[in-house]
Amino acid sequence: MSMQGKTLVISGATRGIGKAILYRFAQNGVNVAFTYNKNEEEAAKIATDIEKTHGVKAKYYRLDILEPEQYIELFKQIDNDFERVDCFVSNAIIYGRSVVGGFAPFMRLKPKGLNNIYTATVLAFVVGAQEAAKRMKLIGGGAIVSLSSTGNLVYMPNYAGHGNSKNAVETMVKYAAVDLGEFGIRVNAVSGGPIDTDALKAFPDYAQIKAKVEEQSPLKRMGTATDLAGAVYFLCDPEQSAWLTGQTIVVDGGTTFK
Ligand SMILES: NC(=O)c1ccc[n+]([C@@H]2O[C@H](COP(=O)([O-])OP(=O)(O)OC[C@H]3O[C@@H](n4cnc5c(N)ncnc54)[C@H](OP(=O)(O)O)[C@@H]3O)[C@@H](O)[C@H]2O)c1
């Protein structure tokens, strides 16, 4: 019940992990402000469904994480629609043309693609978390979570750009946690092993990754978006994780150690 009536702000909730997180919070009585990039129609459908099914407020906004300063205007719009901001989840990830030269074997990496991934992963987290923290300070605290990935712990083909940026965002999370602790704001990361989403299906070796995970995981299955949603919710709920900050929780079905 500690989450009822609170507000979540989350980036990239039209699909995959972000969508699962959105529903997890809404099911628990949390109002939700979420972003889309291209799929406005899907965002509208999700907002209508959440309001009807879970009786909470749901609003959607356009955001491009390649332009992190868009978060400043976005949070002003959220101020008009919601009374408070309690949780912020930096989840959205870029794909397609913007990751060319970033999602590639080492010898084909290019500064532009790598920079795009860094901007979308680390700089978007920084600006989004800063704007969220300004609002959280006004209500005496809150929780911030960044999504990360075990591609910074184990080798994944073509994943150097993402893996390095996930390392960087995990370090940024620790610095934010130290600097924001005095305001009652906790900052953590959830690092997922391979999860069956559109982002993973875009990998050229998707079928091999899936087969390997199913073989490697002691739980003998692929991860699902809801597997990560529970960990994110746990980190945002002060009844469950009030003294947990500056950490990365690895949710990988046991694959990293094996
Ligand atoms: N899938 C995995 O195996 C895995 C594992 C560990 C961690 N993660 C992490 O979990 C997070 C979510 O991944 P996912 O697999 O759920 O991704 P996904 O299914 O591909 O969804 C990506 C989301 O990001 C949005 N987006 C795309 N480009 C954007 C842009 N330029 N600006 C703003 N938003 C944009 C999309 O919105 P539109 O639909 O409107 O375009 C969508 O809502 C990422 O941080 C990822 O690194 C994923």
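Overview of the structure. (Residues numbered from 1 in each chain as written. Predicted model: local features only at pLDDT ≥ 70, side-chain atom pairs only at ≥ 80, totals over all residues. Heavy atoms only, no water.)

1. Some remarks on the site of the ligand
Thought 1: With respect to spatial proximity, 30 residues lie near the ligand, and among them T14, N37, N39, I195 and T197 are the closest.
Thought 2: Note that an oxygen atom of the ligand is positioned 2.7 Å from one of the backbone N or O atoms of N37.
Thought 3: Taking I93, its main chain carries an N or O atom lying 3.5 Å from a nitrogen atom of the ligand.
Thought 4: Protein coverage of the free-state accessible area of the ligand, which is 910 Å², stands at 96%.
Thought 5: Here the ligand occupies the largest pocket.
Thought 6: Elements represented by at least two residues in the shell around the ligand include exactly α1 (16-27), β5 (142-149) and α6 (198-201).
Thought 7: Tallied by class, residues from the shell around the ligand come to 14 nonpolar, 11 polar and five charged. (Near = heavy atom within 4 Å. Polar contact = N/O pair within 3.5 Å; in protein donor to acceptor, adjacent residues only side chain to side chain. Areas by Shrake-Rupley, 256 points an atom, 1.4 Å probe, with all protein chains shown as cover. 1 Å grid on protein atoms, 1.4 Å probe; cavity = no way out; pocket = protein on both sides within 12 Å on 5 of 7 lines; lining within 4 Å. Sits in = over half its atoms within 2 Å of the grid points. Helix = DSSP H or I, 4+ residues; strand = E, 2+ residues; numbered from the N terminus. Nonpolar A, V, L, I, M, F, W, Y, C, P; charged D, E, K, R; others polar.)

2. Quick word on the packing of α1 against helix α8 (residues 225-236)
Thought 1: Where α1 meets α8, the closest approach of the two axes is 8 Å, and the angle between their N-to-C directions is 50°. By the angle between their axes, α1 is oblique relative to α8. Here α1 runs over α8; the crossing is right-handed. Counted together, G16, I17, A20, I21, R24 and F25 of α1 and A225, T226, L228, A229, G230, V232, Y233 and C236 of α8 form the full contact between these two elements. (Axes fitted to C-alpha atoms, helices over the stretch in contact; angles between N-to-C directions. Parallel < 35°, antiparallel > 145°, perpendicular 65-115°, else oblique. Left-handed = near helix turned anticlockwise from the far one by under 90°. Contact = heavy atoms within 4.5 Å.)

3. Some thoughts on the nonpolar core
Thought 1: Counting residues in each nonpolar core, the largest one holds 37 residues, and the members touching the most others are I21, F25 and I50.
Thought 2: Elements with a contribution of two residues or more to this core: β1 (7-10), α1, β2 (31-36), α2 (40-54), β4 (87-90), β5 and α8.
Thought 3: Per element, the largest residue contribution to this core is eight residues, and it comes from α8.
Thought 4: Residues in contact with F25, not counting those within four places in the same chain, are M3, L8, V30, V32, C87, V232, Y233 and C236.
Thought 5: One finds I78, V122, A129 and V169 within the second-largest nonpolar core, a separate group that totals 35 residues. (Core = buried A, V, L, I, M, F, W, Y, C linked by side-chain atoms within 4.5 Å. Buried < 20%, exposed > 50% of the residue type's maximum accessible area, 1.4 Å probe, protein only.)

4. Considering empty space enclosed by the protein
One water molecule sets the probe size; rolling that probe over the atoms shows where empty space is left.
Thought 1: Counted by the stated rule, this structure contains one cavity of 30 Å³ or more.
Thought 2: Size it by volume and the largest cavity reaches roughly 60 Å³.
Thought 3: Lining the largest cavity we find S90, N91, A92, I93, A120, T121, S146, L147 and K166.
Thought 4: Put simply, the parts of the chain that give the lining of the largest cavity at least two residues each are α4 (111-138) and β5. (Points joined across faces, edges and corners; volume = space filled by probe spheres on them.)

5. Remarks on the packing of aromatic side chains
Thought 1: Here the structure, examined in full by the defined rule, presents eight aromatic pairs.
Thought 2: With a centroid separation of 6.2 Å and an interplanar angle of 40°, the aromatic rings of F34 and Y60 are classed as tilted. With F34 in strand β2 and Y60 in strand β3 (residues 58-62), this residue pair connects regions lying 26 residues apart in the sequence.
Thought 3: In this structure Y60 comes out as partly exposed when scored by relative accessible area, which is 31%. (Phe/Tyr/Trp six-rings, centres within 6.5 Å; stacked < 30°, edge-to-face > 60°.)

6. A few points about the sheet that holds β2
Thought 1: The parallel open sheet is built from seven strands, whose spatial order is β3-β2-β1-β4-β5-β6-β7. Each edge of the sheet is formed by a strand with only one pairing partner; in this case those strands are β3 and β7 (248-251). Between one strand and the next, the sheet's axes are offset by a mean angle of 20°, whatever the strand orientation.
Thought 2: Of the strand pairs in this sheet, β1 and β4 are connected by three bridges, and their pairing is parallel. Residue pairing in the sheet places L8 in a bridge with C87 of β4.
Thought 3: Relative to strand β6 (residues 185-192), helix α5 (residues 160-180) is tilted by about 160°, and along the sheet it contacts β5, β6 and β7. (Pairing = 2+ DSSP bridges.)

The quantities given are spatial measurements derived from coordinates; they are silent on function.
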